[in-house]
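The chain contents come next:
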Protein chains: 2
Amino acid sequence: MSQTQDSSAETSTTKRRTFMAGLGALAGSGALGQTTSARESGSNGTTGRRRNVILTIPDGGSRTHDTAARYLRAYENDASAFPANIEDVELGIDRAEYVGSMSTYPDDPEQLITDSGAAATAMATGQKSYTGAISVDHDGRPIETILERASDAGYATGLVTTTQMTHATPAAFAAHVEDRGQQADIACQYVRQSDVDVFMGGDRSHFRAEERDDGADLIGEARDRGYQYLETASDLESVDDGKVLGLFSETGHFEYAVDRQADDENTQPGLPTMTEAAIDVLEARSEQGFFLLVEGGRIDHAGHANDPAMLPEQLEHDEAVEVAMDYAGDGSGQGNGRGPTDTLVVNVADHETGGLVLGRDSYDMNWEYIAEQSLTQERLASELEDASSQSALASTLEDHTGIDDLSEDDLAELEADPSAIEGRDSVVNRRAGLAWGSDAHTATDVPIYAKGDNAAYFGGHHENDDLFAGLEAALGLR
Amino acid sequence: MSQTQDSSAETSTTKRRTFMAGLGALAGSGALGQTTSARESGSNGTTGRRRNVILTIPDGGSRTHDTAARYLRAYENDASAFPANIEDVELGIDRAEYVGSMSTYPDDPEQLITDSGAAATAMATGQKSYTGAISVDHDGRPIETILERASDAGYATGLVTTTQMTHATPAAFAAHVEDRGQQADIACQYVRQSDVDVFMGGDRSHFRAEERDDGADLIGEARDRGYQYLETASDLESVDDGKVLGLFSETGHFEYAVDRQADDENTQPGLPTMTEAAIDVLEARSEQGFFLLVEGGRIDHAGHANDPAMLPEQLEHDEAVEVAMDYAGDGSGQGNGRGPTDTLVVNVADHETGGLVLGRDSYDMNWEYIAEQSLTQERLASELEDASSQSALASTLEDHTGIDDLSEDDLAELEADPSAIEGRDSVVNRRAGLAWGSDAHTATDVPIYAKGDNAAYFGGHHENDDLFAGLEAALGLR
């Protein structure tokens, strides 16, 4: 068994033994590992018709997030026609043919509300597990994922996210570890064991020899295995139809959408751009079709921070959904010269984050404050911290929130404690009329939006571990 | 123009003139008033096939409320199997064939978030109006409602609610006033102008000569017009197929579901019982079919109070939805000996109330506290107020919340201020892990659930004023 993940200090020896035995069993069954032969032979049960599945996950989204995206889009389109122009907005999600709903709770006696690991595990494998799990069961045994099923059957596969590449949601589709914190292991499994054709996400550190405890140069190994390695948005332009490993930040996640837009030197691609690029590569990688996961991963982080910057993040995710919906077209084929194709697009959050509420003890909201916030509150706090005087602080505040009428006292308070610009009771949240009920995830059912082949499956109410079977069917694997 | 509403101190003379002119125009067009001839002739464009529409409105509900109902039902079914048994729950809403979503904002420059008047006006008439409006436009002109359209075309019609009969939501289907506060006018229009076959709701005061400024005995008038008058749940048992005016409280709304269950002397019927009774009468009232509105009206009130007693209220509403879904059956007819019937059931909230969040800065929730709260917090506060000693207070608290471990200090605080048991930060909310973002309505899009004839119309995203056309089509009126 040469293809194995690296060792990890986070896993106890006993647990590890169980896990490895499980992994061995699965590898023995042919569920893991290279599948070039399957890909060449074409085993999806179709006769020449390509099948694609694009699963888009707004991490931490909800029905209320979708509403917020709709309102913000309308406000940005034409503030003077707001709110009457809300009805003119067509979001990516509005292109769905079927809408359903989904329960998100994990199989975890310790907590009712899921984390992204347990949620992605349930969706990717068809089996609920404990929080923190990355596609392993309660005994630490790996559970085959929809991406691995697809890859084994000859489909091209891709993982695209704005978080760290090794973060819980993408990881649960192509790696198996007992604890989501084992990011070094996840990187190792990606490069050495998975057959994923396209990786695009953040954080090179877990792939670099200098920063890994085991000194493995996973970027070099990936190159040896035929991956084109990318670091910037402009690198995307020279990609051919070979495999892709795109790691667009040195460490950590992508910058938030608002901060990226505010920073001329930021070289990270947006989620819609990555989605388009991934589709292009995947189309060329298999005659059968592809499975692609796209995650708007920082909606969740802005939700934890109770930051209105969550909304532009949600809108960016919706633009990626639009790319996928456009691609799925009318179901008659994409006109890309590759022949008839069935594409299923499913958009579903893994859980809600932040307990977002549109309204705050009032019957009005002021969307201009949301539209004018041009930095995350975290970064704004840091800019306010750097202000050299109270008038410089007032000017920075106005530049990034449009707020120019704080009293002397309020400005003095903010100067004394710039972090007051952050969090649930920030001036923007209060003025906009946005409330947040939690700094954690919440249990509300999330909507499912589906379009294309087998979309009807996703109507009605589902458990998160029901998703797998619908995706499998769309790929002709059930 | 003899059929007119009574005068109201709340409406200015000028406004009133405009309004009356509008009402006159509509009455002249035949849109208002008696329609017995139409009913006899049968004008729904069908040949012998009955058509019914049951519109159920959980006032103040949302996707999160639906989730909460699902979790509470599972917990009540078997606390020891919770949460794994959530997947076994089949709510009334789960019987829907199509799920959509709906924007709820009014056409009101003064505020973005709707009240129940503007929301019900939009749904009932197909036209958005200002907050507080009851099926009138910005000039105070009445707008024909779906119920009036149905009645004119020969359908039987009914209004069932747990609020005051003259409250905004039911009123907007069968009355036209400039301000929802004109409840005396609404009662008058119900009895003198509408052709509604079944009224079931709360608050007799607006119908009683002793309590009306104009001294009109509307209950007597209703009897003269052929209505059977009911005051208690047991009165429902003797109802024949004549018209019904059921007013089940002296003043105000029904008691909340939890308080009703705790009170042996309460004689108010539950919403599912009223729904069944109304269907029975309406079936007999027209060969064409019927239009029935059912409102779980106090979900909204508990939401304003940020009281977990909202959840049993939501569950009771869902049981009424189940009655409607059962009745709609499989679409092949109800087997009631009345011949083939198409029934459309649509369940949709008018707006969300309270900014309900399932989770409170934590990844866990404790549903036992929600399940064990057996009185509204308002009523519990009053019982605590009446407690004769701190130990009596502790015992009352335990009886109605299951909480038996408050410290001496906490008990002393509660004794000093029993109202601390109420509201957003009450001990039950905190312990359960329920958060609330607002004491008002919020702007989140609400889900639409539809089953039966023309249900497909309600998939996808809609404005609230789009509902009307779908209901009209289901009745063969479009």
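Residues numbered from 1 in each chain as written. Chains lettered and ligands numbered in written order. Predicted model: local features only at pLDDT ≥ 70, side-chain atom pairs only at ≥ 80, totals over all residues. Heavy atoms only, no water.

Participant: Pulling in residues and values, what's your account of the sheet that holds strand S7 (residues 289–296) of chain B?
Facilitator: Residue and element names in this part refer to chain B. Taken together, the 10 strands give an open sheet; going across it, the order is S5-S6-S4-S3-S7-S1-S8-S13-S2-S14, and neighbouring strands pair in mixed fashion. The outermost strands of the open sheet, each flanked by one partner alone, are strand S5 (227–230) and strand S14 (460–463). Averaged over all neighbouring strand pairs, the angle between strand axes comes to 15 degrees, with direction disregarded. The sheet contact formed by strand S2 (residues 98–103) and strand S13 (residues 446–452) spans 5 bridges and is antiparallel. Counterpart to Tyr 98 in the pairing with S13 is Ala 450. Across the sheet, helix H12 (residues 310–328) touches strand S1 (50–58), strand S3 (156–164), S7, strand S8 (341–348) and S13, and the angle it forms with S1 is around 170 degrees. (Pairing = 2+ DSSP bridges. Helix = DSSP H or I, 4+ residues; strand = E, 2+ residues; numbered from the N terminus. Axes fitted to C-alpha atoms, helices over the stretch in contact; angles between N-to-C directions. Contact = heavy atoms within 4.5 Å.)

Participant: Which residues make up the pairing of S13 of chain B, and what values do they have?
Facilitator: All names here are of chain B. The element S13 is extensively covered by neighbouring structure, given that 6 of its 7 residues are classed as buried. Examined bridge by bridge, S8 and S13 share 5 bridges and lie antiparallel to one another. The residue bridging Val 346 from the neighbouring strand is Ala 450, located in S13. (Buried < 20%, exposed > 50% of the residue type's maximum accessible area, 1.4 Å probe, protein only.)

Participant: Would you mind going over empty space enclosed by the protein in detail, with residue names and values included?
Facilitator: Evaluated as defined, the whole model comprises 9 cavities of 30 Å³ or more. Considered as a void within the structure, the largest cavity measures approximately 190 Å³ in volume. In terms of lining, the largest cavity is formed by 22 residues, of which the most central are Thr 64, Leu 356 and Thr 444 of chain A together with Thr 64 and Leu 356 of chain B. Looking at the lining of the largest cavity, the elements that each hand over two or more residues are helix H3 (63–77) and strand S10 (356–358) of chain A together with helix H3 (63–77) and strand S10 (356–358) of chain B. Taken together, the residues of the lining of the largest cavity break down into 6 nonpolar, 10 polar and 6 charged. (1 Å grid on protein atoms, 1.4 Å probe; cavity = no way out; pocket = protein on both sides within 12 Å on 5 of 7 lines; lining within 4 Å. Points joined across faces, edges and corners; volume = space filled by probe spheres on them. Nonpolar A, V, L, I, M, F, W, Y, C, P; charged D, E, K, R; others polar.)

Participant: Explain the packing of aromatic side chains residue by residue, including any values.
Facilitator: Counted by the stated rule, this structure contains 22 aromatic pairs over all chains. Centre to centre, the rings of Tyr 190 of chain A and Phe 199 of chain A are 4.7 Å apart; their planes meet at 40 degrees, and the pair counts as tilted. Between the aromatic rings of Tyr 75 of chain B and Phe 82 of chain B, the centroid separation amounts to 5.3 Å while the plane-to-plane angle is 75 degrees, which identifies the pairing as edge-to-face. One aromatic cluster is present, formed by Tyr 71, Tyr 75, Phe 82 and Trp 367 of chain A together with Tyr 105 of chain B through successive ring pairs. The aromatic ring of Tyr 105 of chain A is capped on one face by Lys 128 of chain A, whose charged end is 3.6 Å from the ring centroid. One residue, Arg 298 of chain A, lies across the ring of Tyr 256 of chain A, its end atom 3.8 Å from the ring centre. (Phe/Tyr/Trp six-rings, centres within 6.5 Å; stacked < 30°, edge-to-face > 60°. Lys NZ or Arg CZ within 6 Å of the ring centre and 35° of its normal.)

Participant: Give a description of the packing of helix H15 (residues 390–401) of chain B against helix H16 (residues 408–416) of chain B that names residues and reports values.
Facilitator: All names here are of chain B. Closest axis-to-axis distance for the H15/H16 pair is 10 Å, and the angle between their directions is 95 degrees. Considered as vectors, H15 and H16 are oriented roughly perpendicular to each other. In this structure, H15 contributes Gln 390, Leu 393, Ala 394 and Leu 397 to the contact, and H16 contributes Glu 408, Leu 411, Ala 412, Leu 414 and Glu 415. Its residues assigned to classes, the contact of H15 with H16 shows 6 nonpolar, 1 polar and 2 charged. (Parallel < 35°, antiparallel > 145°, perpendicular 65-115°, else oblique.)

Participant: Just give me the short version of the layout of surface pockets, but keep the residues and values in it.
Facilitator: Looking at the largest pocket, its volume works out to about 340 Å³. Lining the largest pocket are 21 residues, and of these Asp 108 and Leu 112 of chain A together with Phe 82, Pro 83 and Ala 84 of chain B lie nearest its centre. Among the residues forming the lining of the largest pocket, the class breakdown is 11 nonpolar, 2 polar and 8 charged.

Participant: Residue-level account of the relation of the copies chain A and chain B, with values.
Facilitator: For the pair chain A and chain B, the superposition axis carries a translation of 0.0 Å, the fit reaches an RMSD of 0.0 Å, and the rotation angle comes to 180 degrees. Such a combination of rotation and displacement between the chain copies is what one expects of a two-fold axis. The overlap is high: 100% of the interface residues of chain A also sit at the interface in chain B, so the same surface is used on both sides. (Least-squares fit on C-alpha atoms with pLDDT ≥ 70 in both.)

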